[in-house]
Amino acid sequence: MAASSNAEQTQLQDMEEEDAGMEEREMESDEEEEDGMGEENSDDEENDSSEDEKENEAEIQRLEEQLSINAFDYNCHVDLIKLLKQEGELFRLRKARQKMSELFPLTEEIWLDWLKDEIRLTEEEPNREKVYELFEKAVKDYICPDIWLEYAQYSIGGMGSPGGIDRVRSIFERAVTAVGLHMTKGHAVWEAYREFENAILSTVQPPPGRIPSHQEQELLNTQLGRIHTLFRRQLAIPLMEMEATYAEYEEWSEDGVPDTVTHLYKKAVQQMEKCKPFEDSLLVAEPPKLAEYQAYIDFELKEGDPARVQITFERTLAENCLVPDMWAKYTNYLDRQLKVKDLVLSTHDRAVRNCPWTMGLWKSYLLALERHGADHHTVSDIFEKALNAGFIQATDYVEIWQAYLDYLRRRVDFSKESSKELEELRGAFSRSIDYMKQDVEERFGESGDPSCLIMQIWARIEALHCKNIQKARELWDSIMTKGNAKYANMWLEYYNLERSSGDPVHCRKALHRAVQCTTDYPEHVCEVLLTFERVEGSLEDWDTAVLKTESRLTRINQQRAKAAEKEANLARQEEERVDQRRKAKSDKKAQKKVQRGNRVGEKRKAEQDDYHDEWNEDSEQAPKRHRGNGDQTTEESMETETGLFGKNAPPGYKPAPPGTKKTQQGAALKQSDDKPELRNDNCSVFISNLAYTLEEPEAKLRTLFEPFGPIQQIRPVFSNKGTFKGYCYVQFESPVSVPEALKLDRREVEGRPMFVSPCVDKNKNPDFKVFKYNTSMEKQKIFISGLPFSCTKEQLEEICRSHGSIKEVRMVTYRSGKPKGLAYVEFADEAQASHAVLKMDGMEIEGNKISVAISNPPRRNIADKSSSSRPMADLMPRQVYGSRGRGRTQLSLLPRALHRQNESASKVENGTASAGAAGNASGETKPLSNADFARMLLSK
């Protein structure tokens, strides 16, 4: 039994061992399978990562190639640095950052990443100097508190080296000077500085219970004095969290806070309260916060603290580094107010590095270098960088060359016949002309200097300073061959040069050539030639000049007659087309009236109809009784003519919602029922030029006119469809209110000038004109057309301000407020307006070429009515001066003598001299036809 049981046990053990072996084998096989799957997964991951690496490497190579073509691609630099950082290519990453920093200032984020990478790579002591050099470059790009704080904290790590503590203090002092006034981040730098000094204090304090020696006591007192000074300096500056700093000082100081420190602290708190609204607006504003920063700068400029103005500008530019106007404002402030050489020149350098495409910043930089006595080599290098910066228009290159040539001219001592500076100036003039011809024309398709201003300056310098009139003549010959021979002003510039430096023979020769070649104002050069011969010439010279000028003017008049005939034919054809369209339109209207007459509809009450007609006549009759103030200018009348006299709404007009129309029409009819008082013109004013879209005109006008006296009724005029027609009547209870109400004439209502005039009944005053237009030329005002629709009043005023003192700028718009691309600018006097015309005509604004002329409004053109004939005076065409085109008035350079010769012709144009053309046998006035006008123009 025992043997059997032992055998059974042995058998059971063998079975258990076999089972265990099988389990082990199964586990081993499972592990082998798992290992195989893991290897497969790791292979897949390695394949994916290798593909990503290949894609990134290809992208890196593409970006590097793109930068080799255009090194000034800012975004390309940023993308390359990001990819290299992802790949961990530290050597290539350092090289990419260095290349970018040579061309552009780096942002705070890029600098901090670079500095932290370099700090990790150079932990050994001998390499700390490289990091210090990198920090010095970083703090020059922007005034950033975080970079300064990182710099100071890094320097603390080297305080154990010889002179390390003094170096840390020096860096902290520079930091608080640069960013200690930063309202929101400055306190962090101050606190770090105090913590450092407190750490030094703990090392010089003796252990408790031991009396310090005399030397130890001196060190202790010196260190305590440093910390006291830091507290006092910080508390005198308006910063965030000032209260916590003051409380900390109270707790730290054993003797309490001195009264002087408390006084300065309270003043700083008051200043902080003034600045707090601007800081709050910056906190809630969305980037770039330019308007908020500008308001902050304006506030600090009024306060007048240069250090605070500077830190506010720096904060603005840290977030708006690509705004050229802000850099220009900052550099102008430094040039005119602070005038600290290192600060001014470093800021100019940062400006052109941030916005290299802005010519004005380079020009200011050159002037600042010269102003602060920079050496010639430095100025020349900056100029060469400016030429390679890539300006956006050809005229920029002309201006930068002019600035550099002015600088070179100021270096020359013209008392010496020959000098190195003079030869360099001549070489620069020659190079600038070649540069314009080759580089600028190839890039822009234009020279940028069509009037050859650079060559004109060179010629004047050669003639006046170098007494080399022969070289000046050669230059002027070259100027004339470049398409300038047809302009009178170019010949007169040449003549004036000859007059001041040459002899009468060459003056006469220049004027004879001018008479022969000038096409824009030949009368003027003819008059100059005759005046010259009166002073200088013989009888023979006089006869020759008279013969030449007469023959030339005869040819010019023949050419003008042909042009006028062609223009008259085109005008006649256009008028025929207009007549056809008008006839088709009237036929269509007549047909619609017949159709409406056949429909059954409600008739209005007779009383309502009569009373309504008393105030709301149709669109042709209502305006006839309204305008009584004769001082309305023509251009204002032009602006409102379509809305007052036309049948259709102007372009851009958006009708009011249907509900509004019905409400307004119902209100008008209700007013007719509720207020049956008779009309009283003596107590009324007429309001016009209101917007079609004006909501609740009665309520709006009541608010405006109630201060002048009790109002009996306000009657806005609506069309049959219920739309507001832009004019209405306001009747007061007393005529005393009318003169006061007229003072609101030209008051702006929802973006349009409101016209207020006496209410005049034309039936009782048949001689009263609908509008009294001022058809005379307004020589102090210019008319600008072709403006881009995006141009604002402020932008146009800024453009015109350089040409004179501006009294008024008015942008012409439709009733809806949509711009027409037209504007009137009134200057202080005629001379300024004339100067503006000469300088601005043909200027480009946002890609639009504008036309500028002296304001000479056309007479009103109202269609003839069958019941009456138009007076001949109303048909007077607009005056044309020179050959600059119909409908535009340029400066008249026609001599007074020739004006007198043409007086008779002018009378014929007005229809007062020719009885055959203007009257018939019965003595009645007969309107002139287009053919009559053509004959009159040809007769000239």
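Please read these numbers as outputs of a predicted model, since none were measured by experiment.

Each value, and the rule that gives it
Residues numbered from 1 in each chain as written. Predicted model: local features only at pLDDT ≥ 70, side-chain atom pairs only at ≥ 80, totals over all residues. Heavy atoms only, no water. Helix = DSSP H or I, 4+ residues; strand = E, 2+ residues; numbered from the N terminus. Contact = heavy atoms within 4.5 Å. Areas by Shrake-Rupley, 256 points an atom, 1.4 Å probe, with all protein chains shown as cover. Core = buried A, V, L, I, M, F, W, Y, C linked by side-chain atoms within 4.5 Å. Buried < 20%, exposed > 50% of the residue type's maximum accessible area, 1.4 Å probe, protein only. Pairing = 2+ DSSP bridges. Phe/Tyr/Trp six-rings, centres within 6.5 Å; stacked < 30°, edge-to-face > 60°. Lys NZ or Arg CZ within 6 Å of the ring centre and 35° of its normal. Axes fitted to C-alpha atoms, helices over the stretch in contact; angles between N-to-C directions. Parallel < 35°, antiparallel > 145°, perpendicular 65-115°, else oblique. Nonpolar A, V, L, I, M, F, W, Y, C, P; charged D, E, K, R; others polar. Expected span 1.5 Å × (residues − 1). Patch = residues over 30% accessible without salt bridge, like charges linked within 9 Å, V, L, I, M, F, W, Y side chains within 5 Å. Salt bridge = Lys/Arg side-chain N within 4 Å of Asp/Glu carboxyl O. Lys, Arg positive; Asp, Glu negative; His and termini not counted. Charge placed at Lys NZ, Arg CZ, Asp CG, Glu CD. pLDDT = per-residue confidence, 0-100.

**Some details on the overall build of the protein chain**
Next up, step 1: Summing up its helical and strand segments, the protein chain has 36 helices and 11 strands in all.
Next up, step 2: Within the protein chain, counting contacts between residues at least 6 apart in sequence, those at least 24 apart form 65% of the total.
Next up, step 3: In the structure as shown, the protein chain presents an accessible area of about 52700 Å², 50% of it carried by carbon and sulfur atoms.

**Looking at the nonpolar core**
Next up, step 1: Formed by 156 residues in total, the largest nonpolar core has its most connected members in Ile400 and Trp401.
Next up, step 2: No other element matches the 10 residues that helix H18 (residues 394-411) contributes to this core.
Next up, step 3: Not counting the four nearest positions on each side in its chain, Trp401 is found in contact with Phe383, Leu387, Ala428, Arg431, Ser432, Tyr435, Met436 and Ile454.

**So, the pairing of strand E6 (residues 778-785)**
Next up, step 1: For E6, the tally of buried residues reaches 6 of 8 residues, placing the bulk of the element in the interior.
Next up, step 2: For E6 and strand E11 (residues 851-855), the ladder comprises 5 bridges, and the chain directions are antiparallel. In the strand pairing of E11, Ile784 is matched with Val852.
Next up, step 3: Of the pairings in the sheet, the one linking E6 to strand E8 (residues 819-827) comprises 4 bridges and is antiparallel in character. Bridge pairing in E8 links Lys781 to Glu826.

**Looking at the packing of aromatic side chains**
Next up, step 1: Using the criterion set out here, one finds 34 aromatic pairs in the structure.
Next up, step 2: Taking the centre distance of 5.2 Å and the plane angle of 10° together, the rings of Phe278 and Tyr296 count as stacked. One end of the pair, Phe278, is in helix H11 (residues 259-284); the other, Tyr296, is in helix H12 (residues 290-303), with 18 residues separating them in the sequence. The residues Phe278 and Tyr296 share a single accessibility class, namely buried.
Next up, step 3: Ring pairs connect the aromatic residues Phe383, Phe391, Tyr397, Trp401, Tyr404, Tyr407, Tyr435 and Phe444, which therefore count as one cluster.
Next up, step 4: Positioned over the ring face of Tyr154 is Arg128, at 4.0 Å from the centre of the ring.

**Quick look at the packing of helix H22 (residues 488-501) against helix H23 (residues 504-517)**
Next up, step 1: Taken N-terminus to C-terminus, the directions of H22 and H23 make an angle of 175°; their axes are 9 Å apart at the nearest point. Of the possible angle classes, the one that applies to H22 and H23 is roughly antiparallel. Side by side, H22 and H23 meet where Trp491, Tyr494, Tyr495, Glu498 and Arg499 of the first sit next to His506, Cys507, Ala510, Leu511, Arg513, Ala514 and Cys517 of the second.
Next up, step 2: Split into classes, the residues belonging to the contact of H22 with H23 amount to 8 nonpolar, 1 polar and 3 charged.

**Thoughts on unusual backbone geometry**
Next up, step 1: The peptide bond linking Pro287 to Pro288 adopts the cis configuration, its omega dihedral lying at 10°.
Next up, step 2: Following the sequence through the fold, Pro288 ends up in the loop between H11 and H12.
Next up, step 3: Unusually for a residue other than glycine, Glu241 sits at a positive phi of about 60°.
Next up, step 4: Secondary-structure assignment places Glu241 in the loop between helix H9 (214-235) and helix H10 (242-252).
Next up, step 5: On the accessibility criterion, Glu241 (46% relative accessible area) is partly exposed.
Next up, step 6: Even without glycine at this site, Arg746 takes up a positive phi of about 75°.
Next up, step 7: When you line up the elements, Arg746 lands in the loop between helix H30 (737-741) and strand E4 (747-749).
Next up, step 8: Judged by its relative accessible area of 27%, Arg746 is partly exposed.

**Brief notes about H9**
Next up, step 1: For H9, spanning 22 residues, the distance from its first C-alpha to its last is 32 Å, which sits close to the expected 32 Å at 1.5 Å a residue.
Next up, step 2: If you follow the buried residues of H9, they end up packed against helix H7 (164-179), helix H8 (186-204), H10 and H11.

**Thoughts on the sheet that holds strand E1 (residues 684-688)**
Next up, step 1: Taken together, 5 strands build an open sheet; the order of strands is E2-E3-E1-E5-E4 and the sheet is antiparallel. A strand with exactly one partner marks an edge of an open sheet, and here the two such strands are strand E2 (711-718) and E4. The average angle at which neighbouring strand axes cross in this sheet is 30°, direction not considered.
Next up, step 2: Docked against the sheet, helix H29 (residues 697-705) engages E1, E2, strand E3 (724-732), E4 and strand E5 (752-758), running at close to 140° with respect to E2.

**What to know about a positive patch on the surface**
Next up, step 1: Together, Lys585, Lys588, Lys589, Lys592, Lys593, Arg596 and Lys721 make up a region of like positive charge exposed at the surface.
Next up, step 2: Among the structural elements, Lys721 can be located in the loop between E2 and E3.
Next up, step 3: Residue classification places Lys721 among the exposed residues on the basis of a relative accessible area of 70%.

**Observations concerning helix H15 (residues 341-354)**
Next up, step 1: Across its 14 residues, H15 extends 20 Å between first and last C-alpha, which sits within 8% of the 20 Å expected from 1.5 Å per residue.
Next up, step 2: In terms of burial, H15 is largely enclosed, as 10 of its 14 residues are buried.
Next up, step 3: Considered for burial, the residues of H15 that qualify are Leu343, Val344, Leu345, Thr347, His348, Arg350, Ala351, Val352, Arg353 and Asn354.

**Topic: the sheet that holds E6**
Next up, step 1: Read from one edge to the other, the open sheet built from 4 strands follows the order E7-E8-E6-E11, with strand pairing classed as antiparallel. Lying at the two open borders of the sheet, with one neighbouring strand each, are strand E7 (806-813) and E11. Within this sheet the neighbouring strands show an average axis-to-axis angle of 20°, counted without direction.
Next up, step 2: Helix H31 (residues 793-801) contacts E6, E7 and E8 of the sheet and is inclined by roughly 140° relative to E7.
Next up, step 3: Its contacts with the sheet place helix H32 (residues 830-840) against E6, E8 and E11, and it is angled at close to 25° to E6.

**Structural notes on the pairing of E8**
Next up, step 1: Pairing geometry for E7 and E8, over 7 bridges, is antiparallel. Among the inter-strand pairings, Ile806 is bridged to a residue of E8, identified as Phe827.

**A word on the confidence of the model for the protein chain**
Next up, step 1: For the protein chain, the mean per-residue pLDDT works out to 79, and 75% of the residues sit at or above 70.
Next up, step 2: For residues 602-677, every residue scores under 50 in pLDDT, and the model assigns this stretch 179 contacts once sequence neighbours within four places are set aside.
Next up, step 3: Below a pLDDT of 50 lies the segment residues 861-892, which in the model reaches 70 contacts outside its immediate sequence neighbourhood of four places, other chains included.

**Structural notes on a negative patch on the surface**
Next up, step 1: A cluster of like negative charges, contributed by Glu51, Asp52, Glu53 and Glu55, occupies part of the molecular surface.
Next up, step 2: Structurally, Glu51 is set in helix H1 (residues 2-69).

**Regarding the packing of helix H16 (residues 359-371) against H18**
Two numbers describe a pair of packed helices, the interaxial angle and the distance between the axes.
Next up, step 1: Packing of H16 against H18 brings their axes to within 9 Å, and their N-to-C directions diverge by 5°. Relative to H18, the element H16 is oriented roughly parallel. Every residue of H18 that contacts H16 at Met359, Trp362, Lys363, Leu366, Leu367 and Glu370 is listed here: Asp396, Glu399, Ile400, Ala403, Tyr407 and Arg410.
Next up, step 2: Looking at the contact of H16 with H18 residue by residue, the classes come out as 7 nonpolar, no polar and 5 charged.

**A word on the pattern of salt bridges**
Next up, step 1: Tallied over the entire structure, the rule returns 44 salt bridges.
Next up, step 2: Glu136 is the partner of Arg174 in a salt bridge, and the nearest nitrogen-oxygen pair spans 2.8 Å. Here the residue Arg174 occupies a position in helix H7, and Glu136 occupies one in helix H5 (residues 128-141), the gap between them amounting to 38 residues.
Next up, step 3: The shortest N-O distance in the salt bridge between Glu533 and Arg508 comes to 2.8 Å.

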